[in-house]
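The chain contents come next:
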Amino acid sequence: MYKVNTKYVITSFKVRSIFPQLFIIACIVDPMDFSRLKVPLFLISILSNLHLFRYIHKEFLVLIIFFLLIPLLSVISYEIFDTTRPYEGYNYLKAYMLLIISVVFSENPNFYFKIFLKAIRIIIISNILLYLIIIIFPEFFNTIYNFGRTYEIFSIEYRDFFLGAEIPSFYFNVSPLYIFPFVHYLYNYRIEKSKINLFWLLVSLLGIMATINRTNIFIALIASFIYFLFYNKKILILISLIMILLIDWKLIYQYLESIFSATETSNFKKLGYLDQYIVKFGDIKIFLFGEGLGSYTFWPSNSEFKSITELTYFEMIRYYGIFGAFFLITLMLYPAFKCLKKSYKTKVAGLAFLFFLIMSSTNPMLFNSIGMLMFSLIVAYSYKIEIKNE
């Protein structure tokens with residue numbers, strides 16, 4: 001923790017925190033920024049908390065500078081060497097810049113994380129209710145489907161989930177963030193076995209199940225397994241797992257096979273990308289230095305011309321080269337592992353972010369405003385500023 005002289009604090013925290021709170025809510029509720037509020041809220045949040053920048057730790061400052069330096073150099077190289085090719089680097093760079101708000105969050109990361117939890121809980125409840133509506137009242141399906149498609153808030157599709165069963169998938173754009181409240185309430189239930197913690201844990205789980213997204217469900221299972229392994233009766237859990245494996249191992253095998261099946265539509269598409277990455281990385285120049293942030297490329301296997309795919313970490317190598325990608329990933333892992341050495345609640349937030357990083361391997365969310373919001377909160381936890389009278 002780092003002390004701040006209160007004579008530089010212009011207004012109370014209660015007032016200064018209004019715009020950062022609104023920024024968090026805007027990122028969660030309006031991820032596509034149809035309201036065009038994100039940038040104004042971000043700038044006002046920074047300007048109303050400028051005094052905090054005088055007191056951030058050098059290590060904190062270095063992390064922010066180096067994290068922004070690589071994508072910034074990539075954009076500069078585009079301006080110097082080739083401005084004729086299609087390019088999305090400037091749009092992607094804006095998301096990286098959001099890391100600056102971690103300085104604002106560092107004044108009270110617990111407070112801002114609670115605001116995030118409240119916002120994502122609203123989305124989860126909406127997810128569950130809308131899912132129930134299309135099941136109970138199918139006549140509303142087209143109306144809800146068209147609304148989600150028009151505003152790009154959520155998508156609905158029928159998916160071959162398991163053993164040939166087609167189940168409707170109701171997937172909000174921010175669905176990968178459901179892992180944060182799930183892990184938060186699961187692990188906090190250990191120290192405070194309250195009904196409210198149990199209620200939100202179950203709601204988070206229902207939200208994850210409503211997405212019918214196998215990655216979300218699989219990561220939730222892993223988080224639960226780790227929890228029971230370390231914080232419950234290990235022998236009982238191990239015996240239960242052994243019994244499940246003995247009795248129903250074939251069913252479990254079929255489920256895992258369905259997750260990783262090469263014939264499944266989503267997996268088939270990603271494997272097509274993977275083949276193209278292997279070809280691209282055969283070019284030593286691309287492998288070492290990348291093609292640049294936001295660079296477009298043609299993907300023959302899927303007949304697409306696009307600047308980003310779902311395979312986030314392969315895309316990082318394509319953008320920045322192996323060394324640039326490794327450096328950025330290291331900078332993201334460092335504050336997360338640093339959180340694991342702090343208080344229990346901070347440790348839980350860091351653990352949830354590590355699960356989020358795993359999920360991001362097949363989801364392009366990590367380097368948009370939502371991913372940067374979560375990274376900013378974790379960085380803030382790592383370098384918390386303490387304001388005290390002097």
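This one's a predicted model, so the numbers in the text were calculated from it and none came from an experiment. (Residues numbered from 1 in each chain as written. Predicted model: local features only at pLDDT ≥ 70, side-chain atom pairs only at ≥ 80, totals over all residues. Heavy atoms only, no water.)

Trainee: Help me out: how do you make sense of helix H4 (residues 58–81) in this one?
Mentor: Residues separated by three or four positions in an α-helix point in the same direction, a consequence of the helix having 3.6 residues per turn. With 24 residues, H4 extends 33 Å between its outermost C-alpha atoms, agreeing within 8% with the 34 Å of an ideal straight helix rising 1.5 Å per residue. Of all the bends in H4, the largest measures some 30° and sits at Leu69, one to four residues before the proline Pro71. Along H4, the positions that sit buried rather than exposed are Phe60, Leu63, Ile64, Phe67, Leu68, Ile70, Pro71, Ser74, Val75 and Tyr78. Of the surrounding secondary structure, the elements contacted by the buried residues of H4 are helix H5 (89–97), helix H6 (102–105), helix H15 (312–339) and helix H17 (369–382). (Helix = DSSP H or I, 4+ residues; strand = E, 2+ residues; numbered from the N terminus. Expected span 1.5 Å × (residues − 1). Bend = angle between axes of the 7 residues up to and from the residue. Buried < 20%, exposed > 50% of the residue type's maximum accessible area, 1.4 Å probe, protein only. Contact = heavy atoms within 4.5 Å.)

Trainee: Is there a simple way to think about the packing of aromatic side chains in this case?
Mentor: Each aromatic ring pair is characterised by the separation of its centres together with the angle its planes make. Applying the stated rule across the entire model yields 36 aromatic pairs. Ring geometry for Phe13 versus Tyr112: centroids 5.9 Å apart, planes at 70°, classification edge-to-face. Taken together, the residues span a long stretch of sequence, with Phe13 in helix H1 (residues 13–16) and Tyr112 in helix H7 (residues 109–136) at a distance of 99 residues. Residue classification places Tyr112 among the buried positions, given a relative accessible area of 0%. Here Phe154 and Phe170 contribute two aromatic rings whose centre-to-centre distance is 4.7 Å and whose plane-to-plane angle is 35°, an arrangement assigned as tilted. Of this pair, Phe154 sits in strand S2 (residues 154–162) while Phe170 sits in strand S3 (residues 165–172), and the two are 16 residues apart along the sequence. Each member of the pair, Phe154 as well as Phe170, carries the same accessibility label: buried. (Phe/Tyr/Trp six-rings, centres within 6.5 Å; stacked < 30°, edge-to-face > 60°.)

Trainee: How should the environment of Leu50 be read in this particular structure?
Mentor: Inspection of the secondary structure assignment puts Leu50 in the loop between helix H3 (38–47) and H4. Taking the relative accessible area as the measure of exposure, Leu50 reaches 45% and is therefore partly exposed.

So far we have only geometry, and geometry alone does not tell us how the molecule works.
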